[in-house]
Amino acid sequence: MKVELPLANRITFKSKLILLTLFASISSILMIAGVSAFLNRRSLRQAAFNQLTTLQTEKSRQVEDYFQGLQSHVVTLSADRMVVAAVVEFSKAFRQLDRKFIPSEWDQSLEGYYTSSYFPEIQAVMAKEWIFGRYRPSGQAARYLQHYYLSQNGYEYEEKNQLIAAEDESEYSRYHREFHPALNDIVQQFDYADLYLINHKTGDIVYSVNKAPDYGTNLETDAYRESSLAELVTTVRESVARGEVAIADFQAYEPSFGRPALFIASPIYNGPYVVGILAIRLNSTPINRMVMGPETQQTSLDSYIVGADNRLRSETRFFQEDAKRYAQVLRRQGVADDTIAAIARSDSPILLQPVNTSAAQAALGGAVSTGQRRTDYRGRSVLTAYAPLNIEGLSWAMLSQINTTEALAPATQLEIVLLAASIILIVFFTFLSIAAATLAIQPVLQLNEWADKVVDGDLDAELDLILEDEMGQLTDTLQIMVASLSHQVATLDQKMEQNKVLLANLVPPAIAKRLKRGETLIA
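Procedures and definitions
Residues numbered from 1 in each chain as written. Predicted model: local features only at pLDDT ≥ 70, side-chain atom pairs only at ≥ 80, totals over all residues. Heavy atoms only, no water. Phe/Tyr/Trp six-rings, centres within 6.5 Å; stacked < 30°, edge-to-face > 60°. Helix = DSSP H or I, 4+ residues; strand = E, 2+ residues; numbered from the N terminus. Buried < 20%, exposed > 50% of the residue type's maximum accessible area, 1.4 Å probe, protein only. Core = buried A, V, L, I, M, F, W, Y, C linked by side-chain atoms within 4.5 Å. Contact = heavy atoms within 4.5 Å. Expected span 1.5 Å × (residues − 1). Bend = angle between axes of the 7 residues up to and from the residue.

Q: When you look at the packing of aromatic side chains in this model, what are you seeing that I'm missing?
A: Two measures describe an aromatic ring pair: the distance that separates the ring centres and the angle between the ring planes. Applying the stated criterion across every chain yields a total of 31 aromatic pairs. Centroid distance Tyr114 to Tyr118: 5.6 Å. Interplanar angle 85°. Geometry classified as edge-to-face. Note that Tyr114 and Tyr118 are positioned in helix α4 (residues 104-123) at a spacing of 4 residues, about one turn of the helix. Under the relative-accessibility criterion, Tyr114 is labelled buried at 0%.

The structure is reproduced here in structure tokens:
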């Protein structure tokens, strides 16, 4: 029965030597490359986390400082003697205008302004039926002011504030000529969307800088009674003390063509008495400017704010760079077509785009992260840092992120270099191992060939092998052993010849022949 030897016993010594050398070299190469790649990737990830944390902290501080300054400015303005005088005088003049007769031609002119200038613009953003009867101001003063300062104002919609005063010789226009330039300068200087003076008792907007369709309307009875501004005025009336402010989060505001608007308001005191309410309207532009910041070489680095409803409060860099591709990404993530269409109409994802990521949920819940790997609203793997914003009256969170592939791109490049270098080294060591094994096995092959000659009886075969290592010692020992064996054989042959001669002299040739054949009994 033939016994099959183990594989290790069937592999030649040369092959074993090559495999052993390759195993040692390849394992060393792979270990060094793997450890280098791991340490480099970990270092880059930590550097990216540090950068994101710094960015998020800086952006958060800017936004928080901005709102703190805004609140302080509103309190300062509400205590300013000019503002106090303005709200008192405008409220008095507004009551006088409530007794004015409004010709039907004025209402027709105002309706023409709404249907030709206002409704077409806002309908492109907010798709619903717009009927003048629903937005016609109910008060005499409001219709009077909108006639002179909206429909008869020769400036474009966004430039209505340039009208210093109407030529109607009313007391209201006299006060408007006195106070409007200074209030308009405040709005322009601080990049406010609008400034309002409101009668705290009636809810009438007795003055606004930019003269939108809310100008002169009543926040209790007219079209904007359910707006965030109306709710904020109610809050200020009921619970906001002197030197304090209230804030209303971004909501779509129809008088600003349905764009997101944030309001902040404070009561106006004249001595111990409340005489009105000061309100400031903000759009998203200054916040976008702070959050997005300057362009960077890192194309996916972005920061944005998420509100308590898990929707954006600032625009993202990806939207501003390519709105069409942005919409495609949202559609792939399952965002409703109506939402995507609304984003396209308003040219902004604020208040529309949902951000239901784990990072946003954690940040809104009060968690602070200095760096995690998460999936963002686009379904992309990102490195992100986040934290809630400390703004009184607002539940917002700031998130900064960068695509994982971009953040770790240098590590990927190094890994490619290490892989290429490893392949080159492995090929090199393979040839080196073969050459080394061939060189190492050559003496063994020569010794084996010499041994075969000895086995065949050629005890005088020469071995031309000069080595000074262990193989050389083995060669010398074998040569001594063969030389000794050769000497012993020669001695034995000599003795056998001597025995032949002696035997021939002692016994007859026939008997000697029988003894040579090994016979022991000879008769």
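Still to come is the rest of the account.
Q: What is the right way to read the nonpolar core from this model?
A: For soluble globular proteins, nonpolar side chains are generally found buried alongside one another. Phe67, Leu195, Leu197, Leu229 and Trp396 are the most contacted members of the largest nonpolar core, which totals 88 residues. Residue contributions to this core peak at 8 residues, all from helix α3 (residues 81-97). Judged by nonpolar contacts, the second largest core, of 20 residues, contains Leu312, Ala327, Tyr377 and Ala397.

Q: It is not clear to me how the environment of Leu110 should be interpreted in this structure. Could you clarify?
A: Residue position: Leu110 is located in helix α4. The class for Leu110 is buried, based on a relative accessible area of 1%. On a C-alpha basis, the gap between Leu110 and Tyr144 in space is 9.7 Å, while along the polypeptide they are 34 residues apart. With residues up to four places along the chain from it excluded, the contact list for Leu110 reads Phe132, Pro137, Gln146 and Ser151.

Q: Can you help me understand the environment of Glu406 in this one?
A: Along the polypeptide, Glu406 turns up in helix α14 (residues 404-407). Judged by its relative accessible area of 23%, Glu406 falls in the partly exposed class. With 79 residues separating them in the primary sequence, Glu406 and Ala327 have C-alpha atoms 22 Å apart.

Q: I would appreciate a short explanation of helix α7 (residues 171-189) in the present structure.
A: In an α-helix, one full turn covers 3.6 residues, which means residues spaced three or four apart are oriented alike. Its 19 residues give α7 an end-to-end C-alpha distance of 28 Å, which sits within 8% of 27 Å, the value for a rise of 1.5 Å per residue. Of all the bends in α7, the largest measures some 45° and sits at Phe179, one to four residues before the proline Pro181. Among the residues of α7, those classed as buried are Tyr172, Ser173, Tyr175, His176, Phe179, His180, Leu183, Asn184, Ile186 and Val187.

Functional significance is not addressed by these values, which are geometric in nature.
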